[in-house]
Amino acid sequence: MVSAAAVMAVEADEPAGMKETPLWWDDVPPPDILRQEPPATADVAIVGSGYTGLNAALETARGGRSTVVFDAESAGWGCSSRNGGQVSTSIKPSLEALARRHGAERAQAIHDEGAASLAWIKDFIAREKIDCDFRQCGRFHAAHTPQAYDTLMRKVAPLTKGDDPIAVAVPRSEQRRELGSDHYYGGVVYPHHAVLHPAKYHKGLLDRARQAGAQVIPHCPVLAIERDGKGFRLTTPSGTTRAGQVLVATNGYSSKLMPWLRRRLIPIGSYIIATEPLEPALVDHLFPTDRIASDTCRVIYYYRASPDRRRIVFGGRVSASETNPKISAPRLQRELARRFPELQASGISHSWLGTVAYCFDELAHCGVHEGIHYSAGYCGSGVGMASYLGMRTGQRLLGHAEGKTAFDGLPFPTRPLYNGTPWFLPAIVALYRRLDEFESSRAHARDGD
Ligand SMILES: Cc1cc2nc3c(=O)[nH]c(=O)nc-3n(C[C@H](O)[C@H](O)[C@H](O)COP(=O)(O)OP(=O)(O)OC[C@H]3O[C@@H](n4cnc5c(N)ncnc54)[C@H](O)[C@@H]3O)c2cc1C
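Residues numbered from 1 in each chain as written. Predicted model: local features only at pLDDT ≥ 70, side-chain atom pairs only at ≥ 80, totals over all residues. Heavy atoms only, no water.

A. Structural detail: the overall build of the protein. Looking only at helices and strands, the protein has 12 helices and 18 strands in total. When its C-alpha atoms are laid out on the principal axes, the protein stretches across 70 × 65 × 45 Å. Across the 449 residues in the protein, those meeting the buried criterion constitute 55%. Expressed as a percentage of contacts within the protein between residues at least 6 apart in sequence, the contacts between residues at least 24 apart total 74%. Each charge class in the protein was averaged separately, 52 positive and 48 negative side chains, and the resulting centres sit 4 Å apart. (Helix = DSSP H or I, 4+ residues; strand = E, 2+ residues; numbered from the N terminus. Buried < 20%, exposed > 50% of the residue type's maximum accessible area, 1.4 Å probe, protein only. Contact = heavy atoms within 4.5 Å. Lys, Arg positive; Asp, Glu negative; His and termini not counted. Charge placed at Lys NZ, Arg CZ, Asp CG, Glu CD.)

B. Region of interest: unusual backbone geometry. Backbone geometry at S90 places phi at a positive 75°, although glycine is not the residue there. If you trace the backbone, S90 turns up in the loop between β3 (86-87) and α4 (95-102). Assessed through its relative accessible area of 12%, S90 is described here as buried.

C. A look at the sheet that holds strand β14 (residues 302-305). Spatially, 8 strands are ordered β5-β6-β4-β13-β14-β15-β12-β16 in an open sheet, and the strand pairing comes out mixed. Two strands lie at the open edges of the sheet, namely β5 (168-170) and β16 (348-358), each paired on one side alone. Ignoring which end each strand starts from, the neighbouring axes of this sheet average 20° apart. Of the strand pairs in this sheet, β5 and strand β6 (residues 187-190) are connected by 3 bridges, and their pairing is antiparallel. Bridged to A169 within β6 is V188. (Pairing = 2+ DSSP bridges. Axes fitted to C-alpha atoms, helices over the stretch in contact; angles between N-to-C directions.)

D. Seen up close, the pattern of salt bridges. Under the defined criterion, the tally for this structure stands at 26 salt bridges. Here R127 makes a salt bridge to D123, at a shortest N to O gap of 2.6 Å. Taken together, the positions of R127 and D123, both in helix α5 (residues 104-128) and 4 residues apart, correspond to about one turn of that helix. For D123, a relative accessible area of 43% translates into the label partly exposed. Here the salt bridges share partners, and the residues they tie into one network are D295, E335, R338, R339 and E437. (Salt bridge = Lys/Arg side-chain N within 4 Å of Asp/Glu carboxyl O.)

E. Just the packing of α5 against helix α11 (residues 382-397), in detail. One can describe the packing of α5 onto α11 by two numbers: an axis separation of 9 Å at closest approach and a directional angle of 90°. One way to sum up the angle between α5 and α11 is to call them roughly perpendicular. Contact residues: E113, G114, A116, S117, W120 and I121 in α5; V383, G384, M385, S387, Y388 and M391 in α11. Taken together, the residues of the contact of α5 with α11 sort by class into 7 nonpolar, 4 polar and 1 charged. (Parallel < 35°, antiparallel > 145°, perpendicular 65-115°, else oblique. Nonpolar A, V, L, I, M, F, W, Y, C, P; charged D, E, K, R; others polar.)

F. View of the pairing of strand β13 (residues 292-295). Burial along β13 is two-sided: I292 and S294 facing one way and A293 and D295 facing the other are all buried. Bridging between strand β4 (residues 139-142) and β13 involves 4 bridges; their strand directions are parallel. Note that in β13 the partner of H141 across the bridge is S294. Bridge count between β13 and β14: 2 bridges; the pairing is antiparallel. Residue pairing in the sheet places S294 in a bridge with Y302 of β14. Between β13 and β14, which follow one another and run antiparallel, lie 6 residues.

Encoded structure:
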């Protein structure tokens, strides 16, 4: 007799025995920190214990401020232990688009912050000796159509000059040097982009923040932040803390705790799978240079080999509305197999998701609103940027001049009647996915594929 669970698994095409937790948690399970009473007072209270919150906490604790970090779940439960581990410069809009909006000088300064975030995290991990499989392996950004390749080439042309170029063009004829796939039409290598193990990096940060004296309190949601004299009162189910300064570092998990911030962030689920272990020779064939990879689709796919080079970790968005890891796993696997037909029959061992935060202007934002500090909106590329802006926010909390960034004072747009529930997202994602699919199929049809 077939059980009801088995029938459901077959209907959803769910791989048997698949874990619905991040692959990374196999190596570094969610930290087992004792529940504690919130302190009566603290100089700095931080809501959210991901890369943003902990990098800020490390600064303030080392700067001599008593620091408490709250998380509604286990420490690092959000995107910071779930992501793909790709470290890029994180700035999505082109220099030209930013110059039109903010002027040439500010546009360049914002792009420079992207480069600074990448250089900073590399240096920080080395300086702190964080064991997190960090490698500056480079990223191959692949064009999903010949037109996308031409656009990419125009965009990166100024970056391909010099002895140590920021970008290197890879025509389709040379693509196999970078990736064991004929799915794309060439692309560009960003040699300075990097990769790490997200949960090991988070653990390294957590250990250092706690060693510096920061108190990290898991499973303790902050329910309200209210003005209290010159400071603030934070209410949690376990008690209240009076803090001189507050940072909200909740990114894609931002709630009504800070409605102003929530109205400016668009929470979007990002879905990701890991394959069962593969033959090392196959991984060498698919990732000959061991770079990370992504593509020019409007709804982007991003992927890499696992640190031990036994699995492929493949992420993207495979449904218009939010879904669950059982449904997303077979859909992601189909996309994986379109790029690497050799993986048609590979098993999926892990499927998970997390919620990232986009902004209406596709830029990260940090600053202070009504006395409360915030840093958020990394638009799906926050490994480097959340860390860097978290660190800068920590410096700002200490009153240090280095805490200034090119993002300071930028308008942080929202939309009329938008309250943080992105009702418009399914229609946009569906349209973008259809356009990507149409363009890609037409390009392959022209090829006679
Ligand atoms: C599947 C996936 C893949 C990704 N891949 C990449 C990648 O390859 N490269 C890249 O650069 N970026 C990637 N990202 C994005 C990146 O992980 C994030 O931008 C980054 O981790 C954000 O860090 P954070 O600290 O701001 O937020 P998070 O790590 O999300 O932390 C926010 C925390 O706030 C807590 N919280 C919320 N409300 C409260 C409350 N009221 N009280 C207490 N705590 C609260 C949450 O529990 C959560 O732990 C990916 C994200 C996902 C989901």
